[in-house]
Amino acid sequence: MNEGEKKVVNKMMAIYCRANHKHVTGLCEECTVLKNYAMKRLENCPFGEKKPTCGSCTVHCYKNDMRLKIKEVMRFSGPRMLFWHPIDAVRHFYKEYRRDRFSSVAEKSFWK
């Protein structure tokens, strides 16, 4: 479930840890804990495969402190994904674009 999201989170965590904690291989202990927490949250996501990206999700399934940490990771790693993993980054942005476009079309048709 949510294999695409898991793949993106793993790659973002690796970029963040490599740059900020100077870990060449693998993740440091702090990043490993955050990654495991994120994977657990993705497994239990009520949206399943139709899950939106975390930035546009209506349900906040992370605890406050973990949400702040994962936001920091995503803000740091998001732009860098274009250089390290461009295909995954484009897929992620396209998914967000498609979701926003679909929701705006649904709202317009609802009000007509």
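Residues numbered from 1 in each chain as written. Predicted model: local features only at pLDDT ≥ 70, side-chain atom pairs only at ≥ 80, totals over all residues. Heavy atoms only, no water.

(A) Representation of the packing of aromatic side chains in the model. Per the stated rule, a full pass over the model turns up two aromatic pairs. Taking the centre distance of 5.6 Å and the plane angle of 85 degrees together, the rings of Tyr16 and Phe76 count as edge-to-face. On the criterion of sequence distance, the pair formed by Tyr16 in helix α1 (residues 3–20) and Phe76 in helix α3 (residues 64–84) is long-range, its members being 60 residues apart. Residue classification places Tyr16 among the buried residues on the basis of a relative accessible area of 9%. Directly above the aromatic system of Trp84 lies the positively charged group of Arg18, at a separation of 4.7 Å from the ring centroid. Its end group placed over the ring of Phe76, Arg80 keeps NZ or CZ at 3.7 Å from the ring centre. (Phe/Tyr/Trp six-rings, centres within 6.5 Å; stacked < 30°, edge-to-face > 60°. Helix = DSSP H or I, 4+ residues; strand = E, 2+ residues; numbered from the N terminus. Buried < 20%, exposed > 50% of the residue type's maximum accessible area, 1.4 Å probe, protein only. Lys NZ or Arg CZ within 6 Å of the ring centre and 35° of its normal.)

(B) Local environment of the packing of helix α2 (residues 29–43) against α3. Where α2 meets α3, the closest approach of the two axes is 11 Å, and the angle between their N-to-C directions is 105 degrees. Put simply, α2 runs roughly perpendicular to α3. Only Met66, Lys69, Ile70 and Val73 of α3 make contact with α2, whose side of the interface consists of Val33, Leu34, Tyr37 and Ala38. Along the lines of polarity and charge, the residues of the contact of α2 with α3 split into seven nonpolar, no polar and one charged. (Axes fitted to C-alpha atoms, helices over the stretch in contact; angles between N-to-C directions. Parallel < 35°, antiparallel > 145°, perpendicular 65-115°, else oblique. Contact = heavy atoms within 4.5 Å. Nonpolar A, V, L, I, M, F, W, Y, C, P; charged D, E, K, R; others polar.)

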